[in-house]
Amino acid sequence: MSPQEGREPLVYINGELYPKSEAKVSVFDHGLLYGDGVFEGIRVYNGVIFKLREHVDRLYRSAKVLRLSIPMDREQMVQEVVRTVRANGFRDAYIRLIVTRGVGDLGLDPRKCGRPNVIIIVEHLEPILGSGVREKGITVIFSSTRRDPVQSTSHEVKSLNYLNSILAKIEAIEAGADDAIMLDSRGFVAEATGANVFIVRNGTLITPPVTTGILPGITRAVVIEIAGKLGIPVQERDITPVEFMTADEAFVTGTGAELVPIGYVGKVPIGDGRPGPIFRRILEEFNRYKVDPRNGVPAF
Ligand code: PXG
């Protein structure tokens with residue numbers, strides 16, 4: 001099936017499909033009032049939903065921490081995502097899967113909320129940091145906002161609370177940069193606002209451990225797997241800002257961004273300021289990997 005000419009995308013809400021302009025939830029939903037909920041961003045490549053089961057697993061892990069009981073099991077959730085992609089007919093798309101606490105009163109108490117709202121949005125989407133960045137590289141700054149720490153509202157949980165990242169993103173925009181690198185509460189490199197980070201030093205790929213309070217990215221895991229296949233040594237360890245600035249190469253990874261090289265930290269070039277050889281090798285393999293139907297769930 002292909003999308004009908006001019007037809008609005010269909011949005012799934014609690015089992016029903018609505019045209020985008022009619023897809024609405026209550027202003028009393030605690031997802032809106034308090035950011036109380038969880039989500040996933042997922043891509044569809046050539047009709048195959050990339051790493052769908054991994055995303056659904058992460059969604060349920062996030063929900064578990066919030067004691068948010070999703071009103072269906074994981075396999076049903078996989079099938080509802082497949083159904084929504086199929087109904088839209090998009091073979092290349094971005095999916096936003098959201099589960100909110102649901103409608104409650106104006107108090108924080110989640111026990112006042114009824115059923116969680118399950119929402120699935122499917123849209124066309126270009127790589128989030130823009131096209132052309134893969135050749136040129138992006139400019140980042142070190143943000144003055146620290147990544148929320150592990151003993152707090154940590155980004156290990158993919159919740160609807162993104163203010164920590166949004167403050168850093170605003171700082172990057174105000175500085176004329178594309179994105180911000182956030183440090184953890186100790187001052188070690190954690191991640192970008194909506195993507196994980198890697199550096200290359202002397203042929204070794206290095207990425208911060210999840211103990212810095214980062215989201216354990218699915219693209220990050222894929223890059224680690226690809227590096228293993230290519231025989232590139234990988235270390236998960238703390239990275240200082242100085243190591244980051246003096247790295248041979250650096251890049252970010254995420255479902256939205258995919259793989260994007262970092263050219264500059266402020267005015268300081270990473271390496272010679274251009275995408276490096278290890279980044280190029282990994283990107284080439286990633287571009288094969290992402291369209292391999294074995295790496296996802298077919299929607300058609
Ligand atoms: N860290 C954070 C904080 C994220 O939000 C990633 C890493 C990468 O994870 P995956 O599993 O996608 O490789 C994310 C990704 C955006 C955007 O605008 C990104 C995310 C969510 C919403 C928007 O780039 N999540």
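No experiment lies behind these values; they were computed from the predicted model shown.

**Considerations on the site of the ligand**
Step number 1: The environment of the ligand is formed by 20 residues, the closest being Lys-158, Tyr-162, Glu-191, Thr-219 and Thr-255.
Step number 2: The separation between a nitrogen atom of the ligand and a polar side-chain atom of Glu-191 is 2.6 Å.
Step number 3: Here the ligand, which alone exposes 550 Å², has 88% of that area covered by the protein.
Step number 4: In terms of residue class, the shell around the ligand is made up of six nonpolar, nine polar and five charged.
Step number 5: Taken domain by domain, the makeup of the shell around the ligand includes at least three residues from each of domain 1 (10-125) and domain 2 (133-289).

**Quick notes on the domain arrangement of the protein chain**
Step number 1: Assigned domains of the protein chain: these are domain 1 (10-125) and domain 2 (133-289).
Step number 2: Each of domain 1 and domain 2 was reduced to a C-alpha centroid, and the two centroids are 26 Å apart.
Step number 3: With 23 residues of domain 1 at the interface, the matching set in domain 2 holds 17 residues.
Step number 4: Here domain 1 packs against domain 2, burying approximately 1,600 Å² in sum over the two surfaces, 65% of which is carbon and sulfur.
Step number 5: Area buried by domain 1 at its contact with domain 2 is led by Phe-39, Phe-50 and Arg-58, which between them contribute 36% of it.
Step number 6: Linking domain 1 with domain 2 are nine residue pairs in polar contact (both at pLDDT 80 or more).
Step number 7: For the side of domain 1 that touches domain 2, the secondary-structure elements that each account for two or more residues are helix H1 (30-34), strand E3 (37-45), helix H2 (52-65) and strand E5 (93-100).
Step number 8: The greatest single-element share of the side of domain 1 that touches domain 2, amounting to eight residues, is contributed by E3.
Step number 9: Partitioned by chemical class, the residues of the side of domain 1 that touches domain 2 number ten nonpolar, seven polar and six charged.

**Some remarks on the side chain of Glu-258**
Step number 1: Among the secondary structure elements, Glu-258 is positioned in strand E14 (residues 258-265).
Step number 2: Reaching out from Glu-258, the side chain makes a polar contact with the side chain of Tyr-45 at a distance of 2.4 Å.

Procedures and definitions
Residues numbered from 1 in each chain as written. Predicted model: local features only at pLDDT ≥ 70, side-chain atom pairs only at ≥ 80, totals over all residues. Heavy atoms only, no water. Near = heavy atom within 4 Å. Polar contact = N/O pair within 3.5 Å; in protein donor to acceptor, adjacent residues only side chain to side chain. Areas by Shrake-Rupley, 256 points an atom, 1.4 Å probe, with all protein chains shown as cover. Nonpolar A, V, L, I, M, F, W, Y, C, P; charged D, E, K, R; others polar. Domains from an automatic or database assignment. Contact = heavy atoms within 4.5 Å. Buried area = accessible area lost by both parts, 1.4 Å probe. Helix = DSSP H or I, 4+ residues; strand = E, 2+ residues; numbered from the N terminus.

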